[in-house]
Structures are given as structure tokens and as C-alpha cells.
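Listed here are the chains, written in short residue letters.
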Amino acid sequence: SGPIDRKHVVFTENDYHDLTHRTFHWGLSEIVNELRHSTVLFIGLSMSDPSLRRLLDASQNSKIPPHWQLQKRHQVRDHEQQAAMADITTRANRWGQILSSPEQKNQPQLAEALHAALQQADTYDSELFESMGVKTIWLDSHDDIPALLDRIPAKPRKRK
């Protein structure tokens, strides 16, 4: 209750970077403590921030369940896929003529290869995040987040 001193709140990316560059800042201690003793749900993060990754690494604790993140699946929009496949076909035809190799993959084969690459990217990210103690819940759309959050039962938090 009462007014909050601005220097104790992180609002911007610069505030966060200032915080993570201070080795013994109380905020970092609190973050590590929560990561060590609680299960955290990450929403809207790429998980590529090196400071967050260091904190996750420093806080790994096999006595608690893993953390979780909501991540949108790797996707290519239809028009992007069509443009990429047209570009690949054009390049393949040009190189086929140069190399006297007329055999080209057809559109369904290209679409299958693209789909396989996207699935591989999801698998790679899942394994990478899991090595940091974070399991992934994959979403097809960010619009799925509210319904998913509504399904999480409320649990009273223990006060220290």
C-alpha cells in the first residue's frame, strides 16, 4: 500500500538491463528465489534474453516442477509460403538449366519440406528450453492464450 518508489519498479527494457548489470541487486535475488522455489509461467517472451537465461541456469532446482512457457508455433503465412516456393522453383529451374539437370521438386514436395523444417524448429526450441528447465506449451495463435489461462485453477499462494 502507499506510493511506489519509481526506482523499485522495472517498466522498460532499459530498466531491466540496468537491473541485470548489477550483480547484487535485490531484484535479481528475488527473481532467482522465485525461479528456485516456484513454478513460473512465461507469457510473451522469446526466451532469447541472455540475462534471463543466466538466471534460469543459476536457479535450476530439481525439487520443483519445471517452469512453463507459452510459445506460438513456428509458422509461415500462406502468401509467404507461396512466395518462397515460387522463388525456390525459379532458382531450381535456373540452376537445373545451368547444371543440365531438369529434375525439379514439385510444389507438394516443397510444401512438405517447409512443413518439416517448421516442425524441426519447434522440436529444437522445445529441447533447448527444456534444457533450461522450461517446458513449452505450443499455441497456434496468440488468441488461444486467454482460454488457456482460464483453465488454470487458482491456487492460493503461500506467503513467506
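We now turn to the structure provided with this report. (Residues numbered from 1 in each chain as written. Predicted model: local features only at pLDDT ≥ 70, side-chain atom pairs only at ≥ 80, totals over all residues. Heavy atoms only, no water.)

Within the chain one finds six helices and three strands. Beginning at the N terminus, the succession of helices and strands in the chain can be written as α-α-β-α-β-α-α-β-α. In the chain, buried positions account for 21% of the 160 residues. Total accessible area on the chain stands at roughly 12,300 Å², and carbon and sulfur atoms take up 54% of it. (Helix = DSSP H or I, 4+ residues; strand = E, 2+ residues; numbered from the N terminus. Buried < 20%, exposed > 50% of the residue type's maximum accessible area, 1.4 Å probe, protein only. Areas by Shrake-Rupley, 256 points an atom, 1.4 Å probe, with all protein chains shown as cover.)

Let's shift gears to the sheet that holds strand 1 (residues 41–43). Note: strands within a sheet are paired through backbone hydrogen bonds, in either parallel or antiparallel orientation. As summarised here, the arrangement of the three strands in space is 1-2-3, forming an open sheet in which the pairing is parallel. Looking at the sheet topology across the chains shown, the edges are occupied by strand 1 and strand 3 (134–139). Direction aside, neighbouring strands of the sheet carry axes that sit 25° apart on average. (Pairing = 2+ DSSP bridges. Axes fitted to C-alpha atoms, helices over the stretch in contact; angles between N-to-C directions.)

Right, let's talk about the nonpolar core for a bit. Ranked by internal contacts, the top residues of the largest apolar core, which has 13 residues, are Phe42, Met47, Leu52, Leu56 and Val134. At the level of elements, helix 1 (13–20), helix 2 (26–37) and helix 3 (50–58) are the ones that each hand at least two residues to this core. Setting aside residues no more than four positions away along its own chain, Leu56 makes contact with Leu35, Phe42, Met47, His67, Met132 and Val134. (Core = buried A, V, L, I, M, F, W, Y, C linked by side-chain atoms within 4.5 Å. Contact = heavy atoms within 4.5 Å.)

With that settled, the discussion passes to a nonpolar patch on the surface. On the surface, Leu41, Ile43, Trp68, Leu149 and Ile152 cluster together to form a nonpolar patch covering roughly 390 Å² of accessible area. One can find Leu41 in strand 1. Since its relative accessible area comes to 33%, Leu41 is described here as partly exposed. (Patch = residues over 30% accessible without salt bridge, like charges linked within 9 Å, V, L, I, M, F, W, Y side chains within 5 Å. Salt bridge = Lys/Arg side-chain N within 4 Å of Asp/Glu carboxyl O.)

Let us now look at the pattern of salt bridges. This structure, assessed with the given rule, holds five salt bridges. Here Glu80 makes a salt bridge to Arg77, at a shortest N to O gap of 3.5 Å. A residue is classified by how much of its surface remains accessible, and Glu80, at 33% relative accessible area, is partly exposed. Overall, Arg77 belongs to the exposed group, its relative accessible area being 56%. Between Glu130 and Lys135 there is a salt bridge, and its shortest N-O distance comes to 3.3 Å. On the basis of relative accessibility, which here comes to 44%, the residue Glu130 falls in the partly exposed class. Via salt bridges that share partners, Arg73, Asp122 and Asp140 belong to a single interconnected network.

On to the side chain of Gln71, then. Structurally, the position occupied by Gln71 is in strand 2 (residues 67–72). Assessed through its relative accessible area of 15%, Gln71 is described here as buried. Of the polar contacts made by the side chain of Gln71, one reaches the backbone oxygen of Leu45; its length is 2.9 Å. Polar contacts involving the side chain of Gln71 include one to the side chain of Gln69, which spans 2.7 Å. (Polar contact = N/O pair within 3.5 Å; in protein donor to acceptor, adjacent residues only side chain to side chain.)

Look at helix 2 against helix 3: their axes get within 9 Å of each other, and the N-to-C directions meet at 55°. As summarised for this structure, helix 2 and helix 3 are arranged oblique, according to the angle between their axes. Relative to helix 3, helix 2 is oriented so that their crossing is right-handed. Mapping the contact onto sequence places Leu28, Ile31, Val32, Leu35 and Arg36 in helix 2 and Leu55, Leu56 and Ala58 in helix 3. (Parallel < 35°, antiparallel > 145°, perpendicular 65-115°, else oblique. Left-handed = near helix turned anticlockwise from the far one by under 90°.)

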